[in-house]
Structure formats: C-alpha cells, structure tokens
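# Remarks on the overall topology
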Amino acid sequence: MTLYIGVMSGTSLDGLDIALIEQTSAIRLIATHYIPMPDALRAELLGLCASGPDEIARSAIAQQNWVKLAAQGIHTLLDQQHLKPADIRAIGSHGQTIRHEPSRGFTVQIGNPALLTELTGITVVSDFRSRDVAAGGQGAPLVPAFHEALFEEQAGNRAVLNVGGFSNLSLIEPGKPVAGFDCGPGNVLLDAWIHQQRGDHFDRDGQWAASGKVEPVLLKALLSDPFFVTKGPKSTGREVFNLPWLTRQLSQLPAFAAEDVQATLLELTALTIVESLQSAQPDTRQLLVCGGGAHNATLMDRLASLLPTAKVSSTAACGVDPDWVEAMAFAWLAHCCLEGIAANRPSVTGARGLRVLGAIYPA
C-alpha cells in the first residue's frame, strides 16, 4: 500500500485541506483533516497578495506559520489513522499562492517545504507550478490531468468544475487530450463583498445572493473585463479580480443595494463558467462540481438552469467528496513527481511540452 498526503490551501484562504490517499492503479481517498485558517494568518496572506512594506520578511514569517499549521494537521491525521511518518511516501504541498503572473514569467507559492519536511519527517514535494511556467505555460490549472485520471470511467463528454476563490474547468472527451482553463472569479468577489458589507467570510448556500436581484448594468460592466474574452490557455488570480477591482466598477455606476451586488456577482460567476464551457465544449453531457462552490445551492441551481442539456451535480455523485478533490490532486502530483510522470498538460497550460512537476525535499 503506497500512501501520500496532499495539502491544499486555496485562494479562498478559509483553511488547509489535508487528504490521505492510497495510490495503486486507482486513486482512493482514505482520510481527511481540515484546519480553519487563523484570522491573523489569513489577513497576512491576503496582504501579501499585493506589494507592501517589508514583504520579503513578512512572507518568510507567514510561510513558517503556514507550515507549522500544516504540520500540526498532518500529525493529527496520522495519529487518527494510527500511522507513522515512515508509512507515508510523500507529502504533496501546494503552498499558498500569493502572486500568479505567468505573463511576466512567474508564479509564487509560499510554504517552506524544507521546514515541512523537518517538522513531519516525511519527504515533501512542492513548487508544482514553476516548471510549467518556465516551459512557457500558465502554471494553472494543474488539476485537469488529475480530474481525467479520477473520472476517466465516466461516459461521454464531461467537464469537471472547481469553484474555489476562482473557477476552473477540466474538459474531458473520449479520444482527445484533456483541456482546461480558468473561467474567472469563483467565490473571491462574493466572499470579499459579503465580508466588507456584513463581516461574514462567505455567503452560506448563496442565501444573501438569492435575496437580491441581478443588476444588468453592473453585470455588463463586470463582464467587460478583457479576461473574459481571452481564449485558453488562460489563468487568473487576485492580481486581476479583487475588492478594489469591484470598487472601481461600482464607482462608475449608480448606487445599488448591497444584496443586489451580491446577486450580480453570483451571476457573473455562473455566466462566465457556462459561457466558457459552451464555447469550448458545447456538447457537455455532465458537469461535476467540486470545491466550496459545490455547497452554494444558489450557484448550483443557476448552473443547472443555464445548462439544461447537461446533468449538473457535485463530484459526490461519482463517489468523490467535493471538498477534498484538490487536496487529493496534490497528493497525486507528488506521486507523479516521484515516479517521473509528466503531470502538466500543454493543451491546458500552453507549455511547450510535457513536464515532470515539483521539487523534492527528501526526509
């Protein structure tokens, strides 16, 4: 039995997802553990997404705190499963993205893998995106190859949608290379707006958005961003879509009720996903949703209504908990790195070719 641990901390910054998988000819999720992100660390990581004073030192300290949190969670998971560090072949650690600018030739995920190895006694594989960027790719999304491996037995043309801070699609068609790209904001603007207006970190079940109405003038302004007319390969992040971006849009328009802004932001997420999907794979028969957005009932209902010819469900319909798909993916990426298996997909990222991803920190 070959065991790997995946650690994922996404752009939503809600916490760390830790997944234990068994890798054989198939991929099996064995156990999971979740750690909420402490408010102080969340605020510092958000702050590092933009230039600021003393950011090199702040980044170094923040990643130490991130790693200590991850190591604590890993040890808890091992204890719960009665496992020792020696039972785990490797940890695949995504780290925390603080900058993603492939157009300028770089992407930055902090997470001090050397310290994580020291604190856990387990080999760590990290820095999965840099090699793809070095090869001319976007470095994102990285999960389509994993989605293809995980859901390859599903029939027909299908898509896997991850809705975290941002949304990305994996397009799976029999006999074709997997395709994929970022669609745009997932939860990032919804979370930022509700936090500013109501102090909540997220809109549970999309209830606040459901209480408002879509404002067509605002929606048109939001959709005018150049990213939405760019064809894949493409990726995006907080460098493009953030609260100041939304504030600038709102400042040029009449005042709207706060709940109507939230409703319009949800419509932006749903429309950009559906328009991207229909443009790239118009005959999709099944859309499997993972990530935090899979729990937003209002968003899921809207996706289903915009895609009447496709079956829209969470990945739970295929036996995979939607909360753990990305953490599983980075455990799988660690496996690929150690086995010398190329895990990027040029059809997704635009890289010059297949590449083995990740840097190894042996225990």
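All figures in this text were calculated on a predicted structure; none of them were measured in a lab. (Residues numbered from 1 in each chain as written. Predicted model: local features only at pLDDT ≥ 70, side-chain atom pairs only at ≥ 80, totals over all residues. Heavy atoms only, no water.)

When the domains of the protein chain are assigned, the result is domain 1 (2-139 + 324-361) and domain 2 (144-318). In this structure, domain 1 and domain 2 have C-alpha centres spaced 23 Å apart. Taken together, the contact between domain 1 and domain 2 spans 25 residues of the former and 26 residues of the latter. Summed over the three residues of domain 1 that lose the most area to domain 2, namely T11, V325 and V348, the buried surface amounts to 29% of that side. (Domains from an automatic or database assignment. Contact = heavy atoms within 4.5 Å. Buried area = accessible area lost by both parts, 1.4 Å probe.)

Per the UniProt entry, the sites bearing "binding site: ATP" (unreviewed entry) are G10, T11, S12, L13, D14, G15, L16 and D17 in this numbering. Looking at where T11 falls in the secondary structure, it is placed in the loop between β1 (3-9) and β2 (15-23). With a relative accessible area of 23%, T11 lands in the partly exposed category. The contacts of T11, once residues within four sequence positions are left out, are Q96, G165, F166 and R238. A polar atom in the side chain of T11 sits 3.3 Å from the backbone nitrogen of G165. Along the chain, L16 falls in strand β2. Not counting residues within four places of it along the chain, the set of residues in contact with L16 comprises V7, M8, S9, H33, Y34, I35, M37, W66, L69 and A70. (UniProt positions renumbered as here; feature names shortened; annotations may be inferred. Helix = DSSP H or I, 4+ residues; strand = E, 2+ residues; numbered from the N terminus. Buried < 20%, exposed > 50% of the residue type's maximum accessible area, 1.4 Å probe, protein only. Polar contact = N/O pair within 3.5 Å; in protein donor to acceptor, adjacent residues only side chain to side chain.)

What follows covers the nonpolar core. Judged by nonpolar contacts, the single largest core of 45 residues is most densely connected at L161, L169, W193, L265, L287, V289 and L303. No other element matches the ten residues that helix α10 (residues 258-280) contributes to this core. Judged by nonpolar contacts, the second largest core, of 34 residues, contains M8, I21, F146 and W332. (Core = buried A, V, L, I, M, F, W, Y, C linked by side-chain atoms within 4.5 Å.)

Applying the stated criterion to the full structure yields six aromatic pairs. Look at F227 and F228: their rings are 6.0 Å apart centre to centre, the planes differ by 75°, and that puts the pair in the edge-to-face class. Residue classification places F228 among the buried positions, given a relative accessible area of 16%. Ring centres of F227 and F241 lie 5.9 Å apart, and the angle between their planes is 85°; on these two criteria the pair is classed as edge-to-face. Of the two residues, F227 sits in the loop between α8 (216-223) and α9 (243-251) while F241 sits in the loop between α8 and α9, which places them 14 residues apart along the sequence. The class for F227 is buried, based on a relative accessible area of 9%. Residue F241 is classed as buried on the basis of its relative accessible area, which comes to 0%. Aromatic rings pair up to connect F227, F228, F241 and W245 into one cluster. (Phe/Tyr/Trp six-rings, centres within 6.5 Å; stacked < 30°, edge-to-face > 60°.)

What follows concerns the packing of helix α6 (residues 188-198) against α9. Relative to each other, α6 and α9 sit at 75°, their axes nearing to 9 Å. Here α6 is positioned roughly perpendicular relative to α9, judged by the angle of their axes. Residues L189, A192, W193 and Q196 of α6 touch α9, and the partners they reach there are L243, W245, L246 and L250. For the contact of α6 with α9, the per-class residue count stands at seven nonpolar, one polar and no charged. (Axes fitted to C-alpha atoms, helices over the stretch in contact; angles between N-to-C directions. Parallel < 35°, antiparallel > 145°, perpendicular 65-115°, else oblique. Nonpolar A, V, L, I, M, F, W, Y, C, P; charged D, E, K, R; others polar.)

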